[in-house]
Amino acid sequence: MTGVLPVVILHWNRPDRCVGTVARFLAQELDGGVRVVVVDNGSTPEALGCVRAGLPLGAELVELPRNRGFGPGANAGFRHVLAHPQPDDRGWVALAPHDAEPAPDCLARMLAAVDERPRAGLACADFGDGATPIVDPYFGGILAPATVAEGWQPAGHPHGTLMLARRQVLEEVGLFDERYFAYCEEADLALRAKAAGWETGLIRGAIVVNPDLGTRIAVIDYLQLRNTLLLVREHYGRYHALIRWLLAVGQLAAGLASPARRGPYWDPRARARALVDHARNRYGAPPLSIQDRPR
């Protein structure tokens, strides 16, 4: 399949990174080229002005009044692409954050792999780490070892550093569930797509890197735990979610007692608040008390 590939790039307060990422996507070795849509997720006026000034002619800009999170911001880009189709669109939409760095042949490799699979609905690029994202009924999104060296690797869900979504999947299954705000929304979408008969894969050899961690540790810890509980409950039921909640309580207690048992993202107040908010069905943006915690 040939044609132009729409690429949604989500930006928040990193204009230099964003402009560089736009340039990398425009330079992709891809027949038909790309159509860049930048979604500004409520950046400061200064950062937004730098993005406006730095975008090349033809790049489209969608401006949101506040930071709505990864999933809702991506949805704004998806809706823009779906509402403004072009005759030569490929039928796929790519999504990446403002700091994604794809190899020059990344998109071409991804599209070559999905074009061979009529039921491919979602796909992501390869970090080169030999890991595959899968979904566990109790632990949500986790990683498993690779089973192929090149091309299509079946996966439980795509990662958001660079993913492809078939237009038909977005129209049939829907967009990201905006309750997640960030983290786990890709797994939720993939599980909904799987239930509708679509496949998800990771394309080995289509390399992308994501060098920047711009989110506070407390926010990551909060969202990953709260959203994992939501994901497990929505797709595997309340029993699985209760077991996961109790395990999280035990992990919190163990981490407080023994620093050696803490994970790479550890903030006890954020974890405790995640457990409480899930029990209260509070989702969306993290509380300001979590967002304001030091890195």
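For the structure, see preceding data.
Residues numbered from 1 in each chain as written. Predicted model: local features only at pLDDT ≥ 70, side-chain atom pairs only at ≥ 80, totals over all residues. Heavy atoms only, no water.

### Let's talk about the environment of G3
No. 1: Within the secondary structure layout, G3 lies in the segment before strand 1 (5-11).
No. 2: On a C-alpha basis, the gap between G3 and L189 in space is 25 Å, while along the polypeptide they are 186 residues apart. (Helix = DSSP H or I, 4+ residues; strand = E, 2+ residues; numbered from the N terminus.)

### Notes on unusual backbone geometry
No. 1: In the Ramachandran plot, F181 falls in the positive-phi region, its phi being about 70° despite a non-glycine side chain.
No. 2: Residue position: F181 is located in the loop between helix 5 (167-173) and helix 6 (185-195).
No. 3: When its relative accessible area of 11% is taken as the criterion, F181 is described as buried.
No. 4: At C184, a position not held by glycine, the phi torsion is positive, near 80°. (Buried < 20%, exposed > 50% of the residue type's maximum accessible area, 1.4 Å probe, protein only.)

### Here we look at the packing of aromatic side chains
No. 1: Tallied over the full model, the rule gives 2 aromatic pairs.
No. 2: Ring centres of F70 and F176 lie 6.3 Å apart, and the angle between their planes is 45°; on these two criteria the pair is classed as tilted. Taken together, the residues F70 in helix 3 (residues 70-83) and F176 in the loop between helix 5 and helix 6 connect sequence positions 106 residues apart. The two residues F70 and F176 agree in class, both being buried.
No. 3: Consider the rings of F78 and F176, whose centres lie 5.8 Å apart with planes at 45°: the pair is tilted. Of this pair, F78 sits in helix 3 while F176 is found in the loop between helix 5 and helix 6, placing the two residues 98 residues apart along the sequence.
No. 4: Owing to a relative accessible area of 1%, F78 belongs among the buried residues under this scheme.
No. 5: When its relative accessible area of 4% is taken as the criterion, F176 is described as buried.
No. 6: Put simply, the rings of F70, F78 and F176 pair up and form one aromatic cluster.
No. 7: One cation-aromatic arrangement involves R119 over W198; the distance from NZ or CZ to the ring centre is 3.7 Å. (Phe/Tyr/Trp six-rings, centres within 6.5 Å; stacked < 30°, edge-to-face > 60°. Lys NZ or Arg CZ within 6 Å of the ring centre and 35° of its normal.)

### Some remarks on the pairing of strand 10 (residues 163-166)
No. 1: Going residue by residue along strand 10, you find M163 and A165 tucked away on one face and L164 and R166 tucked away on the opposite face as well.
No. 2: Sheet analysis places strand 4 (residues 92-97) next to strand 10, joined by 4 bridges and oriented antiparallel. By the bridge assignment, W92 is partnered in strand 10 with R166.
No. 3: Here strand 6 (residues 120-126) pairs with strand 10 via 3 bridges, running antiparallel. Residue pairing across strands places A123 opposite L164, the latter belonging to strand 10. (Pairing = 2+ DSSP bridges.)

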